[in-house]
Every structure is written in C-alpha cells, then in structure tokens.
Amino acid sequence: MGKTIAEKIFSKKSGQDVHAKDLVLADVDFCMGQDGTSSIIIDSFREMGAKKVFNPKKIALVIDHSSPSPNLGVSAIHKKMRDFANEYGITLYDIGCGVCHQLLPEKGHVVPGDLVIGADSHTCSYGAINVFSTGMGSTDVAVGIISGQNWFRVPETVKFIFKNQLKKGVYSKDMALFIARHAGADGLTYMAAEYTGSAIDKLSVEARFTICNMAIEIGAKAGIMEADAKAIKWVQSRTNKKFTPVKADKDAVYADVREYDAAKIVPQVAKPHAVDNVVDAADVKHIEIQQGLIGTCTNGRLEDLEIAVSILKGKKIKKGLRLIIAPASAEVFIQAMKKGLVQTLMESGAAFVTPGCGPCVGTHNGVPSDGERVISTANRNFKGRMGNPNSEIYLASPATVAASMLTGKITDPRKFIK
Amino acid sequence: MIVQGKARRFKQDNDINTDYIISGRYKFKIQNPEELAQYVMEDLDPDFKNRYQKGDFIVAGKNFGCGSSREQAPQAIKYAKMGAVIAKSFARIFYRNSFNIGLLLIECDTDPIKENDELVLDLEKGVLKDITQNIDIIIKPLPAVMAKLLEDGGIINHFKKHGGFKL
C-alpha cells in the first residue's frame, strides 16, 4: 500500500512501517519554544528532573511574541529563557531577530524530510519546505527537549489540488483563506493536509509558507508540500545540511481529495471573530477600518512588503488611518531597507515596529481601541486577539490591506494593480 | 472514577478557542497558574468567574480549544478547579495538553445538556448522567494512551514514574 508524505516521514522517524492511525514513538529533528510558551517548557523540564537536553544543536528558543518586553512579567519570562539557553548551550534568538516561524527555515535549522515540534500552533508553517512540523504544548516540547522523542498518532491526509494558477492581484493568502472557507475551523482535526497542483508549483517558496502556516486554522496537525527544485534551492541557500525530500506515493491512500481551480479564486477576507468566516473582499467593501497590519508569521516576508509597495508607492495612506508593519525577521528588514521598500512604505505613512510578532497577539505594538476595526495579514481574528475584545479584526492579503489603507474601507486590491 | 458538578455553558457553543479560554493579555505576563485562573473564559464571558463553583463542568459544542498551542489554556481551567470539559469534539493540541497536565476531557453529544444541569460523570461505566433531566449520555471511550496518562496524573508524572515513555 502506498504512503502519504506524513506516513513516510513517520515510518522513517519511528523505524517502523507505519500507516495512518498508528501510534508511534518517533525521533524529532528539532524542538522550538517562544516567549509565550517557553516559561512552562522550562518549568516542566525542571519538574521532570531533567539534567540535560537531548541535543543543544536541535533546540531553539525565540523571543518574538512580546519583544522587546512591554512589562515586568514578560521581562521575567525573557530572562528565564536567556538563562536557560545559556545554561544548556541552546540557541536563543533574542529581541529583533524575528518570528520563530521565519527564523527556523531562514537559519537553516529545518530541512525537507524532518520531523519538527514547536510550542506554537503555527509550527506547521515549515510544511512549505517538506517538513512534517506540528504545534504542541509546552510540556510536550519539554518531553522532546529531554528525550529527543515524542509520541504521535500518524495522521490521515487530505489532499488539496489547486489547478491552473492564481490571477493577478490574488495571492497565496487568498488561497489560505479560501481553504479555511471551504474546510472550516475543524475540517481537518487530527489530520494532515497535502497541498499540490500547478497553482502551488507556480508560487514562490515565501508564498507557500503562508498556506502551510494556516493549516492549523482548519484544525490540521500539519500542512505539507513536496519539495520541488525551487524549494530545494531555497533550502540549500540557507544550510549545508544533507537532506532527502519525501514524496507521496502515486497509490497513497487519502482520507479525501479536493480539487479547486485557482484561477477562480478572488481576494478573500475573514470577518470577525473566526478564521473560517470568509467572504469575497468585494462583499465587505462598505466596512470602514482604522488600522492596518502587515507582518506576522503569515505575511511578514520580503515578498509581502514588495506587494504592499506595489500598491502604496507614491501614495499616502488615508488621513486618520494607521498602518503598522512588522517585518518577519531582521534579514527581511535589512533586505527591505536595501531595496528601498522601507523608505517607500514610510513615505506612504507606515509605522515600522521591531521584527517579531508585532501586535498580532495583543500584548503591545498597536492594541486597537474600543469599537475600532483592524485589517490584518495575520492568521487569527478571534475576539480580543489584538488585546481588546471590543475591537474587530479582518484578515486579508498584504495587497488587500494596502489597498484598504488608501481608501479607509475594505478594498479589493485588483483595481490598484496594473 | 465518579465526578459530580453543574453544567456551565456559553453563548458561543462551537470553536471556543484558546484565546477565549485565557487571553494573550494575561498569559504572556503571568506565570502563576492560580493567578491566571482568575481570568479563565473572560473574553467570551466577562461574568464567568462569578457564575461557576469549584467542580463544575464546562460544556460546549465542537472543536473546543482550537487556536493557539498555549498550555496556559487547560492550565487555567484546571486551576479554576473545574471538574472536566465536556464537548462534542476537541482541537488536537488542546486535547494533548489537557491530558499532559491531568485535566479531564470528555467527548459526547452535549446538545441535551442545559446550563445549570446537575451532571454525574461515571468513567468506568462510560456514562454521563444528567440528573436534572434524568437522561444518560454515552461518552466516547478514552484512547488507551490518554487513559494511561490520566492514570499517571499527566505526562510529567508519567516521565518521573517510568523514567521515559511507557505508553
């Protein structure tokens, strides 16, 4: 019987011939914690009486969610992480380095065929480079840090095929929202998604991260793609590590196969307060907004800033609005400066904040006021997500956010694209 | 194991996410779980802390605990001393986290259960009794791994007891 990508990776990492629904103890290739979850990782590590980590080279802690620290409580957590990383010789990415999900692939920590666990639900992002990566809680990651292993139920897989290619003005974020719209918030609970088809092949590696990043928003354990020549080149430019990409067998067994025509997808927007509450951008064009956010692990990469520039260049954002931009990493920020993107966006009226999660998780960097609406490139619009339960969050592509900043209302970006 | 308590329901039934269970406003800066527990479910129901008693059950629809991986979510429920969470289904990360820290989750049809109903959970018999309405609801059996983790009091105690995985 043929195997899916997930079944192949779990067979390799558990040393057994396994299929969907089997329970396995598997070796993990990398473990990650961030500043919202590492405090409990460290507490659990100590409570289990551990004296050492399984391999300090295969662990990273990232200070990105509330970075730099906005208050004493967070400062204490950051210090705890720095001290722990020092004590065990673990890599620590401190304030300003960027979002964990940008850094792990960018710094070459994770490569095709790997099995990765991270104490952050969007750990599924690395599926874009053929990694089976999944979010877990802090104690599960502590177990991984100690033993180099964890237990897994091998997931069934749903295959998504996107034919043709996206039209101009429509981006991978629109695809991710389109998937949420059709699959629903719990559509793939306990399962993995494989994303394939010519529309996926044509996407840049950066754009692919956006789709895998949002696999958790349909409840999936992982969202994974095959590594084509483009992906392999991208990884090889970041690490000398040897790796073996994993392909699904032709006769692999899927829980479901869903085929869509990418050319028919139009700009999408998720309305408050659920990620699967998705409509066409044109259907919410009456909605007035006060704040925009471009950034986060979903859409804070160089290409996303280039898309924003393509719409905002030479124009000013509408008076009374504010646009916050949080580059996904220091490298992204530096490249954006070299290319003049930062200057162009600032001339349009954008405010840049430290590379990291920015205002996405509601601790700092742009908490909306009561009754305000935000249009954001992030992945979650739950009530209170950005720090105020009396505000509303709409999710969209960087292009839709940029276009909306010019008009003050949610705007289909295609009219600004030549 | 038999546990008794009252049902606590919310205006929103499905997809109650971990941001609602414990807001990022608190979880990033508060390390003490007992302090965090004061804010449990606040963004979904600001009055929740005044309407539950120790031992009550949170009762919900499908996909309870979706969203972020924050272990502070099941921790806040556990330290608020809730008896268990009873839902039609749970999101994956929340499900693992809860059993890892020893919070009991029960899957069953929750449609018949109303706010304030008196419930008795009998794990051995696999039945949830709604005493107020005099109905028995069959609960989904716990997977063997979860039952083992629960028996050991969570993954930390499991690791301490066995010196590693013994599932």
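Scroll up to find the structure.
Per chain, residues are indexed from 1 in the order of the written sequence. Ligands are numbered from 1 and chains lettered from A, in the order in which they are written. The predicted nature of this model means local features are confined to residues of pLDDT at least 70 and side-chain atom pairs, given and counted, to a pLDDT of 80 or more, with totals for whole chains, interfaces and linings taken over all residues. Values reported for side chains reflect all heavy atoms of the structure, with hydrogen atoms and water molecules removed beforehand.

Trainee: Run through the sheet that holds strand β1 (residues 2-8) of chain B, naming residues and quoting values.
Mentor: Strand pairing within a sheet occurs via backbone hydrogen bonds; the two strands may be parallel or antiparallel. All names here are of chain B. Strand order in the open sheet made by the seven strands is β4-β3-β2-β1-β5-β6-β7, with mixed pairing throughout. Both edges of this open sheet fall to β4 (105-107) and β7 (135-138), since each of them pairs with a single strand only. Within the sheet, the average angular offset between the axes of one strand and its neighbour, ignoring direction, is 30°. One bridge is not enough; two strands pair if DSSP finds at least two bridges between them. Helix and strand definitions here come from DSSP, where helices need a minimum of 4 consecutive H or I residues and strands a minimum of 2 consecutive E residues; each element is numbered from the N-terminal end. The angle between two axes is taken between their N-to-C directions and runs from 0 to 180 degrees, where each axis is a line fitted to C-alpha atoms and a helix contributes only its stretch in contact.

Trainee: Lay out the interface of chain B and chain A with the relevant residues and their values.
Mentor: We call two residues contacting when some pair of their heavy atoms lies within 4.5 Å. With 39 residues of chain B at the contact, the number on the chain A side is 52 residues. The term buried area denotes the loss of accessible surface (1.4 Å probe radius) that occurs when two parts are joined, taken as the sum for both partners. Summed over both partners, the interface of chain B with chain A comes to about 3,800 Å²; 57% of that surface belongs to carbon and sulfur atoms. For the chain B face of the interface with chain A, the top three residues by lost area are Phe28, Arg92 and Arg96 of chain B, together amounting to 21%. The term salt bridge refers to a pairing of a side-chain nitrogen on Lys or Arg with a carboxyl oxygen on Asp or Glu at a separation within 4 Å. Joining chain B to chain A, the criterion identifies three salt bridges. Notably, a salt bridge pairs Asp140 of chain A with Arg96 of chain B, separated by 2.9 Å at the nearest N-O pair.

Trainee: I'd like to hear about the side chain of Lys27 of chain B, residue by residue, with values.
Mentor: With respect to the helices and strands, Lys27 of chain B occurs in helix α2 (residues 24-27). In this structure, Lys27 of chain B is buried with no salt-bridge partner, the nearest side chain bearing the opposite charge being Asp120 of chain A at 6.6 Å. Setting aside residues up to four positions removed in sequence, Lys27 of chain B forms contacts with Gly36 of chain A together with Ile22, Leu36, Arg70 and Gln72 of chain B. Three exposure classes are used, based on accessible area relative to the maximum for each residue type with a 1.4 Å probe and protein chains only: buried under 20%, partly exposed in between, and exposed over 50%. By the counting scheme adopted, Arg and Lys are positive, Glu and Asp are negative, and His together with the chain ends is not counted.

Trainee: Describe the sheet that holds strand β4 (residues 91-93) of chain A, naming the residues involved and giving the relevant values.
Mentor: Residue and element names in this part refer to chain A. Pairing is parallel in the open sheet, where five strands are placed in the order β4-β3-β2-β5-β6. The outermost strands of the open sheet, each flanked by one partner alone, are β4 and β6 (132-135). Neighbour to neighbour, the strand axes of the sheet diverge by 20° on average, direction disregarded. The pairing of strand β5 (residues 115-119) with β6 spans four bridges and is parallel. The residue bridging Leu115 from the neighbouring strand is Phe132, located in β6. Docked against the sheet, helix α2 (residues 38-47) engages β2 (30-34), β3 (59-62) and β5, running at close to 120° with respect to β2.

Trainee: Could you give an account of the pattern of salt bridges, naming the residues involved and the relevant values?
Mentor: Residues and elements named next belong to chain B. One pass over the structure, following the stated rule, counts 34 salt bridges over all chains. Where Asp152 meets Lys161, a salt bridge forms, and the shortest distance between an N and an O atom there is 2.8 Å. Given a relative accessible area of 8%, Asp152 falls into the buried group. Residue classification places Lys161 among the exposed residues on the basis of a relative accessible area of 53%. In this structure, a network of salt bridges that share partners links the residues Arg8, Asp45, Arg51, Asp56 and Glu115.

Trainee: Pulling in residues and values, what's your account of the packing of aromatic side chains?
Mentor: Ring pairs shown here join Phe, Tyr and Trp side chains whose ring centres sit within 6.5 Å, with only the six-membered ring taken for Trp; geometry is labelled stacked below 30 degrees between planes, edge-to-face above 60, and tilted in between. Evaluation of the coordinates by the stated rule reveals 23 aromatic pairs over all chains. For the ring pair Phe333 of chain A and Phe352 of chain A, a centre distance of 5.4 Å and an interplane angle of 10° mean the geometry is stacked. Linking Phe333 of chain A in helix α12 (residues 330-338) with Phe352 of chain A in strand β16 (residues 350-352), this pair joins segments that are 19 residues apart in sequence. With a relative accessible area of 17%, Phe333 of chain A lands in the buried category. Consider the rings of Phe90 of chain B and Phe94 of chain B, whose centres lie 6.3 Å apart with planes at 15°: the pair is stacked. The residues Phe90 of chain B and Phe94 of chain B share a single accessibility class, namely buried. A connected cluster of aromatic rings, assembled from ring pairs, spans Tyr190 of chain A together with Phe64, Phe90, Phe94, Tyr95 and Phe99 of chain B. Between the NZ or CZ atom of Arg238 of chain A and the centre of the ring of Trp234 of chain A, over which it lies, the distance is 4.3 Å. Of note, Arg51 of chain B hangs over the ring of Phe10 of chain B, and the distance from its end group to the ring centre comes to 5.2 Å. As a reminder, the over-ring test applies to NZ of lysine and CZ of arginine, requiring each to be within 6 Å of the ring centre and within 35 degrees of the ring normal.

Interpretation in functional terms is not warranted from these geometric data alone.
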